[in-house]
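# An overview of the molecular structure
Residue strings, one per chain:
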Amino acid sequence: MSEVRLVIVDDHDVVRKGIKTYLMTEDEIEVVGEASSGHEGADLVLKEKPDVVLMDLIMENGTGIEATERIVEQLPDCKIIILTSYYDDEKVFPALEAGAFSYMLKTSSADEIAEAVKKAANGENVIEPKVAGKMMTRMRAPEKQLHEDLTQRELEVLICIGNGLTNAEISEKLFIGIKTVKTHVSHVLHKLEVQDRTQAAVYAHQKGLMK
């Protein structure tokens, strides 16, 4: 296996230089550059065209997510390994959606990081177990239905629409003014992302809301 060309992007000098020092002892890894910000890192990666990038997430002058998006767009074969202290949803999923190949925490050992770099170059990703668990939970979570955002009154109006009632009939049935009915209908159409009452009625029947 030829040497894996690697760029390290991290705004903490001690962390960046520590990782670099260790990885330079690996015969199969060549550190071709380092950067301390997202923008600088992306520029360096696009210039050097490495096989793998170790990317921090939270940095000044360009985040790791912004850098990852830019790199993946222009160098789709480059493998980005996120190496961070964060594993909350607000960091994990945007990073993966941006195109990150692997996601590791800075609690990982130097050996684990080196192994992840080699695996990435070989097309094998490494996902921190805590992150993998979040991914599985998200995949299992039922998709939210649009009508779940409706208020109780808006749901009542939707059911009336599904039953073919006019605004005047809805007003009489629910004991609310015509103007209020029109406002509720407008909100229902917007929240259900439909164009007219017919589509709203179809939605109500398809989702079993008419029971």
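Everything below is about the structure printed above this text.
Read on for an overview of the structure. (Residues numbered from 1 in each chain as written. Predicted model: local features only at pLDDT ≥ 70, side-chain atom pairs only at ≥ 80, totals over all residues. Heavy atoms only, no water.)

## A few points about the overall build of the chain
The criterion, for reference: Numbered from the N terminus, helices here are DSSP runs of H or I no shorter than four residues, and strands are runs of E no shorter than two. Radius of gyration means the value over C-alpha atoms here, while the globule rule gives 2.2 Å times the residue count to the 0.38 power. For every residue, the accessible area obtained with a 1.4 Å probe (protein chains only) is divided by the maximum for its type, and the residue is called buried under 20%, exposed over 50%, and partly exposed between those limits. Every residue pair with non-hydrogen atoms within 4.5 Å of one another is taken to be in contact. Computed by Shrake-Rupley with a 1.4 Å probe, the accessible areas treat only the displayed protein chains as cover when residues are assessed.
A count of helical and extended segments in the chain gives 10 helices and five strands. The globule rule puts the C-alpha radius of gyration for 211 residues at 17 Å, and the 26 Å found for the chain is more than 25% above it. With respect to the principal axes defined by its C-alpha atoms, the chain has extents near 80 × 30 × 25 Å. Looking at the chain as a whole, 42% of its 211 residues are labelled buried. By sequence separation, contacts in the chain at least 24 residues apart represent 63% of the contacts at least 6 residues apart. Here the chain has roughly 11,800 Å² of accessible surface; of this, 50% comes from carbon and sulfur atoms.

## Some words on helix 10 (residues 197-206)
Since the α-helix packs 3.6 residues into each turn, any two residues three or four apart lie on the same face. As a reminder of what qualifies: The directions from the helix axis to the C-beta atoms form the arc being described. Polar contacts, as used here, are pairs of N or O atoms within 3.5 Å; protein pairs need one atom able to donate a hydrogen and one able to accept it. Residues neighboring in sequence count only if both atoms are side-chain atoms.
The set of residues buried in helix 10 consists of Ala200, Ala201, Tyr203 and Ala204. On an axial view of helix 10, the arc spanned by its buried residues comes to 160°, and they lie on one face. Of the exposed residues in helix 10, the ones pointing more than 90 degrees away from its buried face are Thr198 and Gln206. In this fold, the buried residues of helix 10 make contact with helix 7 (152-162) and helix 9 (178-192). Sitting at the amino-terminal end of helix 10 is Asp196, which places a side-chain oxygen 3.2 Å from the backbone nitrogen of Thr198. Gly208 sits one or two residues past helix 10 and shows a positive phi near 70°.

## Considering a negative patch on the surface
Applied cut-off: A patch is a set of surface residues, each over 30% in relative accessible area and not in a salt bridge, joined within 9 Å for like charges and within 5 Å for the nonpolar side chains Val, Leu, Ile, Met, Phe, Trp and Tyr. Each salt bridge in this description consists of a side-chain nitrogen of Lys or Arg and a carboxyl oxygen of Asp or Glu lying within 4 Å of one another. We count Lys and Arg on the positive side and Asp and Glu on the negative side, and we leave His and both chain ends out. To locate a charge, the coordinates of NZ of Lys, CZ of Arg, CG of Asp or CD of Glu are taken.
On the surface, a cluster of negative charge is contributed by Glu3, Asp27, Glu28, Glu30, Asp111, Glu112, Glu115 and Glu124. Per-element tally for the negative patch: the top contributor is helix 5 (residues 110-121), with three residues. Along the chain, Glu115 falls in helix 5.

Spatial relationships are all this shows, so hold off on functional conclusions.
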